[in-house]
Amino acid sequence: MNTNDALDRLNGLLPLADNQHRLEAPLRDLHRRILQDFVARGCPPSRGEMQQLGDYSLDDALQQLASGDLVVLSPDGRAISGAYPFTVEERVHSVSVNGHRVHAMCALDALSVAPMFQLATTVKSRCHVTADPVEVEMQGGNVLSASPADPRVGIRWQGTSGCAAQSLCLDMVFLRDRETAEGWQVQDSANISILDLPSAVALGAAFFGPLLKESG
């Protein structure tokens, strides 16, 4: 699958940019602030900080963001536990950025932080099949180094059931090399796509980049 086809399929399952664009301007600003704080501070803004950003009911605002799957809320619905590509959960994929270590929802999300914010990152994860460590050094949209040398990203396509973090994201994984990736793909070849590292980075940049752009 090429990058454009993968982007179309991903947007069809998780239309983050479209869902954000449909929000009123104060909620779009709130969503962007949440994303920016993960990078700037390593965590989402507090309730008090979010309330100061706009003249709205914060709980209603959070529910609107969650209804578009733009954020994942804490069990009580009062705090942010995730905003793609970030999560406060201790997931297998971590990203060192701007002096902070944050976690990503999935392998694709982890690779998307550097091009999304045009920053240097170190992605640490592990192969979904062998559990071998995977590490990728990035600067913006450029991969500076990878260990192993040629990891792949595998995607098992599936519906999100309203929350991709607990469905699709769990099957967007790193695989240590082409042979390992092909072995994983053959288990469900009709639904699994394999991307090399440059293609995965390009997909992530195209998918997440629009979320930070001002819109009318």
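One can find the structure itself at the top, above this paragraph.
We now turn to the structure provided with this report.

Attention shifts here to the layout of surface pockets. Once rolled over the atoms, a probe with the size of a water molecule shows which space is left empty. Taken as a whole, the largest pocket encloses approximately 170 Å³ of empty space. Taken together, Arg 91, Val 92, His 93, Met 105, Arg 126, Cys 127, His 128, Cys 169, Leu 170, Met 172, Val 173 and Phe 174 make up the lining of the largest pocket. By residue number, the principal contributor to the lining of the largest pocket is strand 10 (residues 172-175), which donates three residues.

All told, the structure shown has three aromatic pairs when counted by the stated rule. Their ring planes at 10° and their centres at 5.0 Å tell us that Phe 38 and Phe 86 sit as a pair that is stacked. With Phe 38 in helix 3 (residues 25-41) and Phe 86 in strand 3 (residues 86-87), this pair connects stretches of sequence that are 48 residues apart. Assessed through its relative accessible area of 1%, Phe 86 is described here as buried.

Moving on, we get to empty space enclosed by the protein. By the definition in use, this model includes one cavity of 30 Å³ or more. A volume near 60 Å³ is recorded for the largest cavity. Around the largest cavity, the lining residues are Leu 10, Leu 14, Tyr 84, Cys 106, Leu 108, Asp 109, Leu 168, Cys 169, Met 172, Phe 207 and Phe 208. When contributions to the lining of the largest cavity are tallied by element, the ones reaching two or more residues are helix 6 (107-117) and helix 8 (197-208). Residue composition of the lining of the largest cavity, by class: ten nonpolar, no polar and one charged.

Attention now moves to helix 8. Over its twelve residues, helix 8 runs 16 Å from end to end, which matches the ideal 16 Å to within 8%, given 1.5 Å per residue. All buried positions along helix 8 are accounted for by Leu 197, Ala 200, Val 201, Leu 203, Gly 204, Phe 207 and Phe 208. Looking straight down helix 8, one finds its buried side chains confined to an arc of 160°; they lie on one side.

Quick notes on the rules
- Residues numbered from 1 in each chain as written.
- Predicted model: local features only at pLDDT ≥ 70, side-chain atom pairs only at ≥ 80, totals over all residues.
- Heavy atoms only, no water.
- 1 Å grid on protein atoms, 1.4 Å probe; cavity = no way out; pocket = protein on both sides within 12 Å on 5 of 7 lines; lining within 4 Å.
- Points joined across faces, edges and corners; volume = space filled by probe spheres on them.
- Helix = DSSP H or I, 4+ residues; strand = E, 2+ residues; numbered from the N terminus.
- Phe/Tyr/Trp six-rings, centres within 6.5 Å; stacked < 30°, edge-to-face > 60°.
- Buried < 20%, exposed > 50% of the residue type's maximum accessible area, 1.4 Å probe, protein only.
- Nonpolar A, V, L, I, M, F, W, Y, C, P; charged D, E, K, R; others polar.
- Expected span 1.5 Å × (residues − 1).
- Arc of directions from axis to C-beta.

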